[in-house]
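# Secondary and tertiary structure notes
The chain contents come next:
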Amino acid sequence: MADFRSDTVTQPSVAMKQRMLNAALGDDVFNDDPTTLELQHYAADMLGFEAALFAPSGTQTNLIAMMSHCQRGDEAIVGQQWHTYKWEGGGMAVLGSIQPQPLELQSDGTLALSDIAAAIKPDDPHFARTRLIVIENSVGGKVLPLGYMRDVAALAKDKGLACHIDGARLMNAAVALAPQHNLTPQKMARELCKGYDSVSLCLSKGLGCPVGSLLLGSHAFIARAKRVRKMLGGGMRQTGMLAAAGLYALENNINRLADDHANCRRLADGLTHLAQQLPALQGKLTALPVQTNILFTDVELQLAEKLLPYLAERGIKLTGSNYQSVNGSIKRLRWVCHLDISREDVDQALQHISAFAAEVN
Ligand SMILES: *Cc1c(COP(=O)(O)O)cnc(C)c1O
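Residues numbered from 1 in each chain as written. Predicted model: local features only at pLDDT ≥ 70, side-chain atom pairs only at ≥ 80, totals over all residues. Heavy atoms only, no water.

## A closer look at the side chain of aspartate 166
Worth spelling out the cut-off: Secondary structure elements are taken from DSSP: a helix is a run of H or I of four residues or more, a strand is a run of E of two residues or more, and numbering for both begins at the N terminus. Under the rule applied, a polar contact is a pair of N or O atoms within 3.5 Å (in protein, one hydrogen donor and one hydrogen acceptor; residues adjacent in sequence only if both atoms are side-chain atoms). By definition, residues are in contact when any of their heavy atoms lie within 4.5 Å.
Tracing the backbone through its elements, the reader meets aspartate 166 in strand S6 (residues 162–167). For aspartate 166, the side chain forms a polar contact with the side chain of asparagine 62, separated by 3.1 Å. If we ignore the near neighbours within four places in the chain, the residues touching aspartate 166 are Asn62, His83, Thr84, Glu88, Ile135, Glu136, Asn137 and Ser200.

Below, the structure written as structure tokens:
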């Protein structure tokens, strides 16, 4: 069994469950759940914000952030492929009456600064009021560098806009960038957040919690966010059980993301090797570059439609989406590495693909 569909599939470890079982509990809507308060303080301290707020999902922390920064009729600049724009059911428009202004991504996952600047509307009654820039890091497994993050924050400040990081996988970006800046991943994450008004962080992905996300910002921002969270139905009660998992994750599961990145590179290198060696795969399977824990592979559609069920029968799950390239119909497979995927799981997947290639030949 190896579930590569997402890092959301991770199961809480025994140690994490123990921490959950022993958590001191109160009522978080009354602001007196001690473990949730501890988690919020811990995260705010780590990332350099005044305050934090625990919520059920990253979709909700993003929506809370956008609704706390923007009023009805305001506009948020987003990427075409951003989660906040494409993968959250249009929540900002439906529930927040916020107009998204999507921009095309560059191949490195960034939005060009000149595109952002050009999208900012003048103060004119014809236009929505541009109010917020949203940045996603990591994005589709790609890491936006520190210099770029700083430039966007500076642009937002210069134009009087708020800026928010959708940092669902911020820690993956921090782990990837930390060595070149000679920082710990925790300090790296803090640097990435500098100059931003808010950040949303998923605990339920690579960090290994069953549920939960955090929103971080100033005291005043989190006070507004708390009202929005209540309005959206995200005010929960004895959340200490979930917050305890979050504390365990922030204390124990950040540095180990490097293992997921190494496993993901191993998978990419292995697949590239197989695609060179095995006639059945030659020219039909391409592994895209890996920066963190997500690998995309482009597989010729007919081959992919045999490969996926072959792997599924052997307990290997992954997702894929079809697209049309100049070379024909392609399925882009997504492999996500996480704390429930071991190096052995990666090697076993490679062995299965090797056996598959021998069989289809
Ligand atoms: C997963 C994810 C979210 C939020 O996901 P939930 O499943 O709602 O917790 C937000 N942004 C990005 C980039 C994500 O990958």
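Moving on from the coordinates now.
## Observations regarding the site of the ligand
The line we're drawing: The near set for a molecule or strand comprises every residue that places at least one heavy atom within 4 Å of it. Accessible surface is estimated by sampling points in the Shrake-Rupley manner with a 1.4 Å probe; for residues, cover comes only from the protein chains shown. For this classification, Asp, Glu, Lys and Arg are treated as charged, while Ala, Val, Leu, Ile, Met, Phe, Trp, Tyr, Cys and Pro are nonpolar and the rest, including Gly, are polar.
Close contacts around the ligand come from Ser57, Gly58, Thr59, Asn62, His83, Glu88, Glu136, Asp166, Ala168, Arg169, Cys202 and Lys205, and that covers them all. Contacts to the ligand include aspartate 166, whose side-chain N or O atom sits 2.6 Å from a nitrogen atom. Residue arginine 169 places a side-chain N or O atom 3.2 Å away from an oxygen atom belonging to the ligand. In isolation the ligand has 380 Å² of accessible area, and contact with the protein removes 83% of it. Broken down by element, the residue count for the shell around the ligand peaks at 3 residues, all from helix H3 (residues 58–69). For the shell around the ligand, the class distribution of residues is 2 nonpolar, 5 polar and 5 charged.

## Description of the nonpolar core
When a protein is soluble and globular, its nonpolar side chains tend to lie buried together. Here is the rule: By nonpolar core is meant a set of buried Ala, Val, Leu, Ile, Met, Phe, Trp, Tyr and Cys residues that side-chain atoms within 4.5 Å join together. Between buried and exposed lies partly exposed: a residue is buried under 20% and exposed over 50% of the maximum accessible area for its type, with that area taken using a 1.4 Å probe on protein chains only.
Leu47, Ile135 and Leu250 are the most contacted members of the largest nonpolar core, which has 83 residues in total. The contact partners of leucine 47, leaving out residues within four places of it in the chain, are Leu170, Met171, Ala189, Arg190, Cys193, Val199, Leu201 and Leu216. Within the second largest apolar cluster, 32 residues are counted, among which are Phe4, Leu281, Leu285 and Val299.

## Some remarks on the sheet that holds strand S5 (residues 129–136)
For clarity, the threshold we go by: Here, strands pair whenever DSSP counts at least two bridges between them. Every axis in this analysis is a line fitted to C-alpha atoms, fitted for helices over the stretch in contact. Angles between the N-to-C directions lie between 0 and 180 degrees.
The 7 strands lie next to each other as S2-S8-S7-S6-S5-S3-S4, forming an open sheet whose pairing is mixed. Looking along the sheet, the strands with just one partner apiece sit at the ends: strand S2 (51–55) and strand S4 (99–103). Taking each pair of neighbouring strands and ignoring which way they run, the sheet shows an average axis angle of 20°. Across 4 bridges, S6 lies against strand S7 (residues 198–202) in parallel orientation. Bridging from a neighbouring strand, isoleucine 165 pairs with valine 199 of S7.

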